[in-house]
There are 2 protein chains.
Amino acid sequence: MSTTIERAPLNGVDVATLLGTRDAVKQTNEIAKFQFRATNAWVAGTHSRSTFADFHGAMQELRHEQDTVVESDHPAVLVGSDVAPTPVEYLLHAIAACLTSGIANVAAARGVRLTHVSSTVAGDIDLLGILGLSGGAVRNGYEQVKVTFRVEGDADDATLRDIVEQSRRRSAVYDALTNPTPVHIEVVTG
Amino acid sequence: MSTTIERAPLNGVDVATLLGTRDAVKQTNEIAKFQFRATNAWVAGTHSRSTFADFHGAMQELRHEQDTVVESDHPAVLVGSDVAPTPVEYLLHAIAACLTSGIANVAAARGVRLTHVSSTVAGDIDLLGILGLSGGAVRNGYEQVKVTFRVEGDADDATLRDIVEQSRRRSAVYDALTNPTPVHIEVVTG
């Protein structure tokens, strides 16, 4: 069954195309198999640089409209040169951005016009873990991450909260962080 | 017991300061409690923008040398405007950058001079999950992430591999992805 309701874009979301894409995937599951990629090059010390360019999806090799380069480093207090945010800070961007895009999509699909979405994300981490000083009692990663959203739009409090909750239920990054994600590491030396 | 070995910087890592920082934390565990932060603002559709500016650590409020702004969007094939990488791509940068900074630090601490570290990261994701088309059979996040390192330096294959392995054991992002990280979401509506 195909969705044939005509809908104008809402919240900058082309709802008709969004629903059409979902229908296409329902017909041909293979369209949904994606592979995202990054290449990273060490610069010096704790400073490295990643590039996002191509990816696979919708049964084809694809390329972003433009390559994006991001960098990471450690701050001076962690013996870096602080030319860029730490790797763990990018996790905070990832969760905020993933939930926010979901909020816009879900709201648009439900006919809710949003006027404001912003968030602050805070991740608590005890570096006794990565410094190897806890005897295994402290984990290496974040003890917890807290995301606080401000959401405004032409719907009541309960409706807006339910949009955020539905975004959480369908969030790729929320799942990647809250559940174990297998990470395989291969090494080629030269 | 304090480490008093004098060491010249290696791989761009100030090893004496790195070991001194570890000793200071051993004396005063409170130094190791950090909180990293991001603020995110929705732009339109699936496009949002995060800023990294301040953080807490070493018993004080701190600020990066410069604010960093990063953006996310969905590609056209996922009904976005593709002005920036997807949120999940930032997870790939985070794991590569975290492992790479660890490799440089561990190698320096072990007296190994590195001449090259680079990596490619690939994350496989089946969007049947986030599209709600799998009946719960497919997860929302990555099915797996694969990191392939090329590491070169003045040490043999086994030594270089062991440096990567030690970096993995102490990696904050590796832990955050491979083990469950609690993520709390609060919503304020207006």
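Here's what I pulled together on the structure shown here. The structure presented is a predicted model; accordingly, all values stated were derived computationally and were not measured.

Before going further, it helps to spend a moment on the interface of chain B and chain A. Contacts between the two partners involve 128 residues from chain B and, on the opposite side, 127 residues from chain A. Roughly 11,200 Å² of surface becomes buried between chain B and chain A when both sides are summed, with 62% attributable to carbon and sulfur atoms. Its largest share of buried area at the contact with chain A, chain B owes to F36(B), W42(B) and H93(B), together 7% of the area lost on that side. Salt-bridge contacts for D175(B) lead to R139(A); the nearest nitrogen and oxygen are separated by 2.8 Å. In this structure, the connection of chain B to chain A is made through 74 residue pairs in polar contact (both at pLDDT 80 or more). Looking at the side of chain B that touches chain A residue by residue, the classes come out as 62 nonpolar, 42 polar and 24 charged. Direction of pairing for strand 5 (residues 144-153) of chain A relative to strand 6 (residues 183-189) of chain B: parallel, over a ladder of seven bridges. If you follow T148(A) over to strand 6 of chain B, its bridge partner there is E186(B).

On to the packing of aromatic side chains. Aromatic rings in a pair are described by how distant their centres are and how their planes are angled relative to each other. Throughout the structure, instances matching the rule amount to nine aromatic pairs over all chains. These aromatic residues form a ring-pair network of at least three members: F52(A), Y90(A), F52(B) and Y90(B).

Once chain B is rotated about the relating axis by 180 degrees and shifted along it by 0.0 Å, it coincides with chain A to within an RMSD of 0.0 Å. Interpreted geometrically, this transformation is the action of a two-fold axis. Most of the interface of chain B is mirrored in chain A, where 99% of its interface residues are also at the interface.

Attention shifts here to the sheet that holds strand 1 (residues 33-44) of chain A. Ordered in space as 3(A)-2(A)-1(A)-4(B)-5(B)-6(A), the six strands form an open sheet in which the pairing is mixed. For this open sheet the edge positions go to strand 3 (60-72) and strand 6 (183-189) of chain A, each flanked by a neighbour on one side alone. Across the sheet, the mean angle from the axis of one strand to that of its neighbour is 15 degrees, orientation sign disregarded. Judged from the nine bridges that link them, strand 2 (residues 47-57) of chain A and strand 3 of chain A form a sheet pairing that is antiparallel. Paired with R49(A) across the strands is E71(A), a residue of strand 3 of chain A.

All names here are of chain A. Put simply, helix 2 (residues 87-109) and helix 3 (residues 157-169) touch, their axes get as near as 8 Å, and they point 120 degrees apart. Comparing their axes, helix 3 and helix 2 come out oblique. The two elements helix 2 and helix 3 meet at a crossing, and its hand is right-handed. Here C98, L99, G102, I103, V106 and A107 of helix 2 come into contact with helix 3, specifically with I163, V164, Q166, S167 and R168.

The rules we used
Residues numbered from 1 in each chain as written. Chains lettered and ligands numbered in written order. Predicted model: local features only at pLDDT ≥ 70, side-chain atom pairs only at ≥ 80, totals over all residues. Heavy atoms only, no water. Contact = heavy atoms within 4.5 Å. Buried area = accessible area lost by both parts, 1.4 Å probe. Salt bridge = Lys/Arg side-chain N within 4 Å of Asp/Glu carboxyl O. Polar contact = N/O pair within 3.5 Å; in protein donor to acceptor, adjacent residues only side chain to side chain. Nonpolar A, V, L, I, M, F, W, Y, C, P; charged D, E, K, R; others polar. Pairing = 2+ DSSP bridges. Helix = DSSP H or I, 4+ residues; strand = E, 2+ residues; numbered from the N terminus. Phe/Tyr/Trp six-rings, centres within 6.5 Å; stacked < 30°, edge-to-face > 60°. Least-squares fit on C-alpha atoms with pLDDT ≥ 70 in both. Axes fitted to C-alpha atoms, helices over the stretch in contact; angles between N-to-C directions. Parallel < 35°, antiparallel > 145°, perpendicular 65-115°, else oblique. Left-handed = near helix turned anticlockwise from the far one by under 90°.

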